[in-house]
Amino acid sequence: MIKRVLGTCLAAAALTITGKKISDYAETKPALKNVKDKLKKTGQDFSDDCKEVVLAIKQAFVKEKTEPAAQVG
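Residues numbered from 1 in each chain as written. Predicted model: local features only at pLDDT ≥ 70, side-chain atom pairs only at ≥ 80, totals over all residues. Heavy atoms only, no water.

Caption draft 1: The pattern of salt bridges, seen in detail. Per the counting criterion, the structure on display carries five salt bridges. For Glu27, the salt bridge is made with Lys36, and the minimal N-O distance between the two is 2.5 Å. Lys36 gets classed as partly exposed once you look at its relative accessible area, which sits at 21%. For Asp45, the salt bridge is made with Lys41, and the minimal N-O distance between the two is 2.9 Å. One end of the pair is Asp45 and the other is Lys41, both in helix H2 (residues 30–72) and four residues apart, which spans about a single turn. Of the residues examined, Asp45 reaches a relative accessible area of 35% and is grouped as partly exposed. In this structure, a network of salt bridges that share partners links the residues Glu27, Lys33, Lys36 and Asp37. (Salt bridge = Lys/Arg side-chain N within 4 Å of Asp/Glu carboxyl O. Buried < 20%, exposed > 50% of the residue type's maximum accessible area, 1.4 Å probe, protein only. Helix = DSSP H or I, 4+ residues; strand = E, 2+ residues; numbered from the N terminus.)

Below, the structure written as structure tokens:
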């Protein structure tokens, strides 16, 4: 089990370092920088969309929970 945790930590560290090196390299190349910026924007848009969906779901369930209580009283 310790080997698995250690292996996972090492893999995560390797991915982080590799990602940082690729990101730094992309900053020096205009074409790659554009791709990186578009990927970042797409990720942010996806994140914003997910937040909107979660908020809508929360609002739907809150209304469902409060409506029956309002009808009883």
